[in-house]
Structure formats: C-alpha cells, structure tokens
Amino acid sequence: MSVEIEFLKPVLALVLWTCVMWIWMYALRLPAFSKAGINPDDARHPGTYGDKLPAHVRSAADNYNHLHEQPTIFYALMFFMALTGGADSTATLVAWIYVALRVVHSFVQIVIGKVLLRFLVFTAGTFCLFFLAGREALRVFAG
C-alpha cells in the first residue's frame with residue numbers, strides 16, 4: 001500500500017465516524033420527535049423545537065453538525081499534505097490522534113454532557129490541527 005493510502009486512512013475513518021454519528025443522531029431524534037408529538041413540518045427551522053427534545057438528543061444533532069465544521073480543515077490539510085509530500089509517520093500519528101479525539105468528543109458531548117471536559121478534548125484536537133498546519137507551513141514556506 002502506498003504512503004498516501006496509509007496516510008489518508010484517518011480521513012476515511014473520520015468520514016465513517018461522521019456516518020455513524022448520522023445514524024446515532026436519527027436513532028435518537030426520530031423517536032424523540034414522535035414522543036414529543038413534533039410534526040416534522042414544524043421542525044423545518046432549526047431551534048423551533050429544541051426545548052421539546054431531551055438534551056442528549058439535541059447534543060447528538062449538535063455533534064453531527066460539529067463534525068462538518070473544524071474537521072473540514074483536517075480534511076483539506078490531510079489532502080494537501082498527501083499531494084505535496086508532507087505525508088510522514090509523525091503526521092499520520094497526529095492525524096490518528098485527531099480522529100480519536102473527535103470520537104471521544106462525540107461521546108463526551110452526547111453521553112457525558114460535561115462542557116469543560118468536551119472543551120478540553122476539543123482543544124487537544126485543535127492543537128493537533130495547529131501542529132499539522134504549522135509543520136506544513138514550515139515545510140512549504142521555509143523549506
């Protein structure tokens with residue numbers, strides 16, 4: 001297997017985790033809508049029904065949305081590195097750590113619900129991105 005394939009496995013893993021979160025979100029959301037008597041047409045605007053759903057159900061939807069925010073930087077950075085020669089074992093390890101932290105972030109947000117812990121996990125993942133981006137900037141601009 002080529003270095004690029006090995007290097008991009010964390011990208012695929014995070015995409016698959018996002019798919020898992022979609023399933024988890026709707027596995028919680030659909031029964032909650034039914035139990036709360038929410039007509040799907042009344043829920044076309046985000047936030048109009050939030051007070052009628054349990055916190056863990058709202059958290060699952062929030063987490064799914066979060067997986068479409070900061071991870072877009074991760075995806076772009078990983079493909080940039082793969083295409084320009086930045087893929088190496090250190091970057092691969094940091095990428096896997098980032099993915100693991102995103103998975104932990106999901107569980108903390110949905111199951112545990114502690115904001116400070118979630119913030120700490122999010123911050124650790126952000127530092128992984130800073131490390132990868134900074135290292136790439138040095139390689140590309142100073143190299």
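First, a word on what this report is: a plain description of the structure on this page. In this text, all values refer to a predicted model and were calculated from it rather than measured experimentally. (Residues numbered from 1 in each chain as written. Predicted model: local features only at pLDDT ≥ 70, side-chain atom pairs only at ≥ 80, totals over all residues. Heavy atoms only, no water.)

**Notes on helix H3 (residues 71-84)**
Over its 14 residues, H3 extends 20 Å from the first C-alpha to the last, a length consistent with the 20 Å expected when each residue adds 1.5 Å. The complete set of buried residues in H3 reads Pro-71, Phe-74, Tyr-75, Leu-77, Met-78, Met-81 and Ala-82. At the C-terminal side of H3, Gly-85 shows a positive phi close to 95 degrees. (Helix = DSSP H or I, 4+ residues; strand = E, 2+ residues; numbered from the N terminus. Expected span 1.5 Å × (residues − 1). Buried < 20%, exposed > 50% of the residue type's maximum accessible area, 1.4 Å probe, protein only.)

**Examining the environment of Val-115**
Of note, Val-115 is situated in helix H5 (residues 115-142). Once the C-alpha coordinates of Val-115 and Arg-135 are considered, the two residues, 20 residues apart in sequence, prove to be 30 Å apart.

**Description of the packing of aromatic side chains**
A complete count under the given rule lists six aromatic pairs for this structure. Considering the side-chain rings of Trp-17 and Phe-107, the 5.7 Å spacing of their centres and the 35 degrees angle between planes classify their relative orientation as tilted. Of this pair, Trp-17 sits in helix H1 (residues 3-36) while Phe-107 sits in helix H4 (residues 89-112); the two residues are 90 residues apart in sequence, bridging distant segments of the chain. Judged by its relative accessible area of 13%, Trp-17 falls in the buried class. (Phe/Tyr/Trp six-rings, centres within 6.5 Å; stacked < 30°, edge-to-face > 60°.)

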